[in-house]
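# Per-entry structural report
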Amino acid sequence: FVPFSSGNDEVQVYAEGGKSAPEEIVRQLWVHKLMQQYGYKAGEIDLEKGVWFGTEIGTKAADIIVYTDATKVTPKIIVECKKPKRKDGIEQLKSYMNSKGAPVAVWSNGADSIILYRPYPSQFDDTLFDIPKRGQEPKDVLEAKKTLFQLKKNFNFKRIIQDLEELVLADSGKDEFNEIFKLIFAKIWDEIEALENRKDKVVEFRKAADPEITFDRINSLFHQACVEWPGIFNQGEDIDLGKRHLQVCVGPIEGVRLLGSNLRIMDDAFEYLLPTEAKKKKGQFFTPRHVVEMCVRMLNPTRKEHVMDPACGSGGFLLHTLDWCCLLYTSDAADERSSV
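Residues numbered from 1 in each chain as written. Predicted model: local features only at pLDDT ≥ 70, side-chain atom pairs only at ≥ 80, totals over all residues. Heavy atoms only, no water.

The phi angle at Lys-72 is positive, at roughly 55°, despite the residue not being glycine. With a relative accessible area of 29%, Lys-72 lands in the partly exposed category. We note that Lys-201 has phi near 60°; this positive angle belongs to a residue other than glycine. Inspection of the secondary structure assignment puts Lys-201 in the loop between helix 5 (176-197) and helix 6 (211-228). (Buried < 20%, exposed > 50% of the residue type's maximum accessible area, 1.4 Å probe, protein only. Helix = DSSP H or I, 4+ residues; strand = E, 2+ residues; numbered from the N terminus.)

A few words on the pattern of salt bridges. Under the criterion given, the structure shown has 16 salt bridges. Residue Lys-82 pairs with Glu-80 through a salt bridge whose shortest N-O separation is 3.3 Å. Relative accessible area serves as the criterion here: at 9%, Lys-82 is assigned to the buried category. With relative accessibility at 4%, the residue Glu-80 sits in the buried group. Across the salt bridge formed by Asp-163 and Arg-159, the nearest N and O atoms sit 2.9 Å from each other. (Salt bridge = Lys/Arg side-chain N within 4 Å of Asp/Glu carboxyl O.)

Taken as a whole and judged by the stated rule, the model has seven aromatic pairs. Here Phe-181 and Phe-185 contribute two aromatic rings whose centre-to-centre distance is 6.2 Å and whose plane-to-plane angle is 35°, an arrangement assigned as tilted. Here Phe-181 and its partner Phe-185 are both found in helix 5, four residues apart, which amounts to about one turn of the helix. For Phe-181, a relative accessible area of 30% corresponds to the partly exposed category. Taking relative accessible area as the criterion, Phe-185 reaches 6% and is therefore assigned buried. Lying over the aromatic face of Phe-129, Lys-146 brings its terminal NZ or CZ to 4.0 Å of the ring centre. Positioned above the aromatic ring of Phe-215, the side-chain terminus of Lys-243 is 4.6 Å from the ring centre. (Phe/Tyr/Trp six-rings, centres within 6.5 Å; stacked < 30°, edge-to-face > 60°. Lys NZ or Arg CZ within 6 Å of the ring centre and 35° of its normal.)

This part takes up the environment of Lys-152. Within the secondary structure layout, Lys-152 lies in the loop between helix 3 (138-143) and helix 4 (157-167). When the C-alpha atoms of Lys-152 and Arg-257 are compared, they prove to be 5.6 Å apart, with 105 residues separating the residues in sequence.

So, on to the side chain of Glu-44. Relative to the helices and strands, Glu-44 is located in the loop between helix 1 (22-36) and strand 1 (45-53). A relative accessible area of 4% means that Glu-44 is categorised as buried. Sequence-distant contacts of Glu-44, that is, excluding residues within four places in its chain, are made with Ile-65, Val-66, Tyr-67, Thr-68, Asp-69, Ala-70, Lys-72 and Arg-134. (Contact = heavy atoms within 4.5 Å.)

Across the five residues of strand 4 (residues 104-108), five count as buried, placing the element largely inside the fold. Residue alternation in strand 4 divides its side chains into two sets, Val-104, Val-106 and Ser-108 and Ala-105 and Trp-107, and both sets are buried. Bridge count for strand 3 (residues 75-81) against strand 4 is five bridges, and the pairing is parallel. Considered in strand 4, the bridge of Cys-81 is made with Ser-108. With respect to chirality, the unit in which strand 3 leads through helix 2 (residues 90-100) into the neighbouring parallel strand 4 is right-handed. As paired elements, strand 4 and strand 5 (residues 113-117) share five bridges and run antiparallel to each other. Residue pairing in the sheet places Val-106 in a bridge with Ile-115 of strand 5. As consecutive antiparallel partners, strand 4 and strand 5 are separated by four residues, and within that stretch Gly-110 has a phi angle of approximately 95°, a positive value. (Pairing = 2+ DSSP bridges. Right-handed = clockwise from strand over helix to strand, strands pointing away.)

This next bit is on the packing of helix 4 against helix 7 (residues 243-254). Across the interface, helix 4 lies against helix 7 with an axial gap of 10 Å and an inter-helix angle of 160°. It follows that helix 4 is roughly antiparallel to helix 7 by the angle criterion. For the element pair helix 4 and helix 7, the recorded crossing hand is right-handed. Counted together, Phe-157, Ile-160, Leu-164 and Leu-167 of helix 4 and Val-248, Cys-249, Pro-252 and Ile-253 of helix 7 form the full contact between these two elements. Taken together, the residues that form the contact of helix 4 with helix 7 break down as eight nonpolar, no polar and no charged. (Axes fitted to C-alpha atoms, helices over the stretch in contact; angles between N-to-C directions. Parallel < 35°, antiparallel > 145°, perpendicular 65-115°, else oblique. Left-handed = near helix turned anticlockwise from the far one by under 90°. Nonpolar A, V, L, I, M, F, W, Y, C, P; charged D, E, K, R; others polar.)

To continue, consider the nonpolar core. Core analysis: the biggest nonpolar cluster contains 47 residues, and Phe-157, Ile-180 and Leu-183 have the highest contact counts within it. Beyond its immediate stretch of four places on either side in the chain, Leu-183 contacts Phe-205, Ile-218, Ile-239, Leu-246, Cys-249 and Ile-253. Counting 20 residues, the second-largest nonpolar core is a separate cluster that includes Val-31, Tyr-40, Ile-77 and Val-104. (Core = buried A, V, L, I, M, F, W, Y, C linked by side-chain atoms within 4.5 Å.)

The next thing to look at is the packing of helix 2 against helix 4. Interaxial distance between helix 2 and helix 4 falls to 11 Å at its minimum, and their mutual angle equals 60°. Between helix 2 and helix 4, the angle falls in the class oblique. For the crossing formed where helix 2 meets helix 4, the hand is right-handed. On helix 4, the residues that touch Ile-90, Glu-91 and Lys-94 of helix 2 are Asp-163, Glu-166 and Leu-167. Taken together, the residues of the contact of helix 2 with helix 4 sort by class into two nonpolar, no polar and four charged.

Laid out in C-alpha cells, this is it:
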C-alpha cells in the first residue's frame, strides 16, 4: 500500500495477474480520489492519453486527464503520477499543460504533490492549494475562504520549499531563507489571530486571483506580525519577492497549518534552507537530528522545567524538547515514553 493523502480511507488496489507497479498504484489512488472526493465521473476521465508536441504524435502519454464533461473535448486537470520518492517530472507536466491546454495539473508521488495553475492564455504561471471539484473552476478554489481547522497538519514543509525552489525561488534573485522566513512569520501570526481573535476562525493568509491583491494581503500580514513581534526584521521592511513569485509561493503554503503541527518539520526546513557554504560562513554546525532526539529522551524534560541552549542554531534541541513535552497531553504519550 502506497502512503497517499486521500482522507482517512484506506484504498485496496488490485492488479490483474499480479502486483501493480508503484506508479500504477499512485495513479489508481488518484482516480479514486478524483471520483470520491472531487466528484468527477468515470466517463470524464482518461488514462494514458497521448500528448502531441508539434509534429511528434503520441510520443508521450499523460497518466490521467480529467475533462469538463463526458464529451472529453476540453481538458480540465492533468495528473502526472510517479512512484514513491521520485522527485522529477514537474517540467514534463508543464509541457503537458501547454500542449493540452489544461488550466490545472497535479504532480504526485503518492506522499507528496504539487498543483500547478495555468491562467489562460499564458503558459504555466501559478500554483493552487487544491484542485477544483466537479462543477468548479480554478477561481472558485482561489476565492474560497478557509478556517484554521480546515488546514492540513500533516505535510512535508521541506518538500514544499524544494518545489518552490524549482518553480520560482531559484530565479527570484532574492535570499530564499529570508523570504521564506517572512512568509512563515506572517502565516504564524495569521493563524494565532484566527485562533484567538476571529469568531469564524477564517485565515487571511491565502492568495487571490490578482497577484497585486495577493501581495498586498500577505505583505500586510507580515507588517502586522512585525508590530506584534518587533526586533526580528528591520523597521518598515517589506516582502521582497516579486508579485508573480509571491503568487506562486503562497499556493502550496496557504493550505497547511503551522500551529500544532510537528515542530520537526520546521527544524528540517530551516536547516535545508541554509546551504552548506552559508552554514560554514556563519559558523553553524547542526547536530544530527537522531543525536538531538536521543539527548532529549535521556533528559526527559517536563513542562515545569527550563531548558537552556546557549548555541541553539536552528533551535533543534529546543524544538525537540517542546515537541517531547507536548506528548504529555496526547494519547500517544505512554507509548512514546515506554520506548525510551
